[in-house]
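# A closer look at the structure
Listed below, chain by chain, are the residues.
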Amino acid sequence: MASHHDHHGDGGHYERQGWEGDSDDEIQCNHEEGVGKVQHEHHMMDDPLFEKKQWTLADWTDFVGRMPASKSRGKPSMKLVQYVGEILPSEPAKILLPLCGKTPDLRWLYERGNEVVGIEGVEKLVSEFFEAHDDLTHTVEDCSFGKLYKTSDNRLKVYVCDVTKVPSDTLGPFDAVFDWGAFTAIHEDNRQKYVDIITGMLKPDYRYFVEVCHDGPSDMTSGPSNVTLRDLKLNFGPNRQLRFLETRDIAKEWGVDALFNSFVIVTASEKK
Ligand SMILES: C[S@@+](CC[C@H](N)C(=O)[O-])C[C@H]1O[C@@H](n2cnc3c(N)ncnc32)[C@H](O)[C@@H]1O
């Protein structure tokens, strides 16, 4: 099954930057949390959608359509807060959040003065984001490949579209990418295309942060989508280097024999 929304860890301790998130709401992916909570929340066992190993954008739209609307703002990802200095060595910067859902990370990065661009295929999530953040004056307009929600200062934009339809030369160039449950959520038939499109929008000195679940059972349907580290390396290609910030063993949480959650920074290979 593809990785999913609406669960988040305990939040830990982090600095809030200029806006009040709802301290107890959990509206984001946290793959360390494991299977118990997800089954409880989404009744996975009764739902044929959760038998699928790979989700298309239509599956995501179906899933999100069944979720109750929520106006909560949630909290930024702990790992974004922890690693922001690695992802954005200097701010303000221009950062892309592909497959962003309604992540609070958009707002958190915006409040730090950055130029923030999200891409999300399910409009309900994007409209819910802007409903929750109703203090952000914004407009909605059509664009050639979908719809654009943007703040009046143009510093926060979220494109509603299929990421595989984004023309590579339009949104960038970006200093950084924050890929949280995105590389692993995209249907595997589109994964290489996804990487090519996103990496085609980067400045030469980019930092691409990727959160990835990996090396789980190959037939796993009842947990987050997982890849192998070999897939990760091959999709990003020989001219890019992976730096592992952290790896956690999450097999027990998901009730499987092996599964890991890593936080990785992809950069251009250093010139020798
Ligand atoms: C696991 S969620 C991650 C959401 C967000 N990054 C977060 O941390 O909460 C994956 C998201 O990818 C979106 N998605 C999946 N396939 C897509 C596609 N082809 N184009 C655009 N969005 C897509 C889904 O709608 C979903 O919101």
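The structure this text deals with has already been given above.
The rules behind each value
- Residues numbered from 1 in each chain as written.
- Predicted model: local features only at pLDDT ≥ 70, side-chain atom pairs only at ≥ 80, totals over all residues.
- Helix = DSSP H or I, 4+ residues; strand = E, 2+ residues; numbered from the N terminus.
- Buried ≥ 20, exposed ≤ 12 C-beta atoms within 10 Å, placed from the backbone.
- Contact = placed C-beta atoms within 7 Å.
- Arc of directions from axis to C-beta.
- Near = placed C-beta within 6 Å.
- Nonpolar A, V, L, I, M, F, W, Y, C, P; charged D, E, K, R; others polar.
- Core = buried A, V, L, I, M, F, W, Y, C linked by C-beta atoms within 7 Å.
- Pairing = 2+ DSSP bridges.
- Right-handed = clockwise from strand over helix to strand, strands pointing away.
- Axes fitted to C-alpha atoms, helices over the stretch in contact; angles between N-to-C directions.

## Some thoughts on the overall build of the protein chain
- For the protein chain, the helix and strand inventory stands at eight helices and nine strands.
- Relative to its 272 residues, the protein chain shows a buried fraction of 41%.
- Here the analysis covers contacts within the protein chain between residues at least 6 apart in sequence; of these, 69% occur between residues at least 24 apart.

## A closer look at helix 6 (residues 191-199)
- For helix 6, the full list of buried residues reads Y194, V195, I198 and T199. The buried residues of helix 6 all sit within an arc of 115 degrees when viewed along its axis, so they share a single face.
- Looking at the buried side of helix 6, the elements it contacts are strand 1 (94-98), strand 6 (174-180), strand 7 (202-214) and helix 7 (229-236).

## Remarks on the site of the ligand
- The local shell around the ligand holds 23 residues, among which W60, L99, G101, G121 and G181 are the closest.
- In the shell around the ligand, the residues fall into 12 nonpolar, nine polar and two charged.

## Quick notes on the nonpolar core
- The biggest cluster of nonpolar side chains holds 61 residues, and the ones touching the most others in it are I95, L106, A176 and F178.
- With seven residues, strand 7 is the largest single contributor of residues to this core.
- Excluding residues within four positions of it along the chain, A176 makes contact with I87, L88, A93, I95, Y206, R207 and F209.

## Regarding the environment of G113
- One can find G113 in the loop between helix 4 (105-111) and strand 2 (115-120).
- The spatial distance from the C-alpha of G113 to the C-alpha of P92 is 5.5 Å, given a sequence separation of 21 residues.
- Other than its neighbours up to four places away in sequence, G113 contacts E91 and P92.

## Regarding the pairing of strand 7
- Here strand 7 lies mainly inside the structure; 10 of its 13 residues are buried.
- Here strand 6 runs beside strand 7; their pairing, made up of six bridges, is parallel. Within strand 7, the position partnered with D179 by the bridge is V210.
- Handedness of the β-α-β unit built from strand 6, helix 6 and strand 7 comes out right-handed.

## Quick notes on unusual backbone geometry
- Residue P92 follows E91 across a cis peptide bond; omega there is 0 degrees.
- Its identity as a non-glycine residue notwithstanding, N154 has a phi of 65 degrees, on the positive side.
- Looking at the element boundaries, N154 is found in the loop between strand 4 (146-151) and strand 5 (156-160).
- For D215, which is not glycine, the phi dihedral falls at a positive 60 degrees.
- Structurally, the position occupied by D215 is in the loop between strand 7 and helix 7.
- The exposure class assigned to D215 is partly exposed, which follows from the 18 C-beta atoms found within 10 Å.

## Digging into the sheet that holds strand 6
- As summarised here, the arrangement of the nine strands in space is 3-4-5-2-1-6-7-9-8, forming an open sheet in which the pairing is mixed. Both edges of this open sheet fall to strand 3 (138-143) and strand 8 (240-249), since each of them pairs with a single strand only. Each adjacent strand pair in this sheet contributes to an overall mean axis angle of 15 degrees, direction not counted.
- Bridging between strand 3 and strand 4 involves six bridges; their strand directions are antiparallel. Each residue of the ladder has a partner; that of E141, found in strand 4, is L148.
- Across the sheet, helix 3 (residues 78-87) touches strand 6, strand 7, strand 8 and strand 9 (260-268), and the angle it forms with strand 7 is around 150 degrees.

## Comments concerning the pairing of strand 1
- In terms of residue burial, strand 1 counts as a mostly covered element, since four of its five residues are buried.
- Where strand 1 meets strand 2, five bridges bridge the pair, whose relative direction is parallel. Within the sheet, the bridge partner assigned to I95 lies in strand 2 and is V116.
- Between strand 1 and its parallel partner strand 2, the chain crosses via helix 4, and the hand of that crossover is right-handed.

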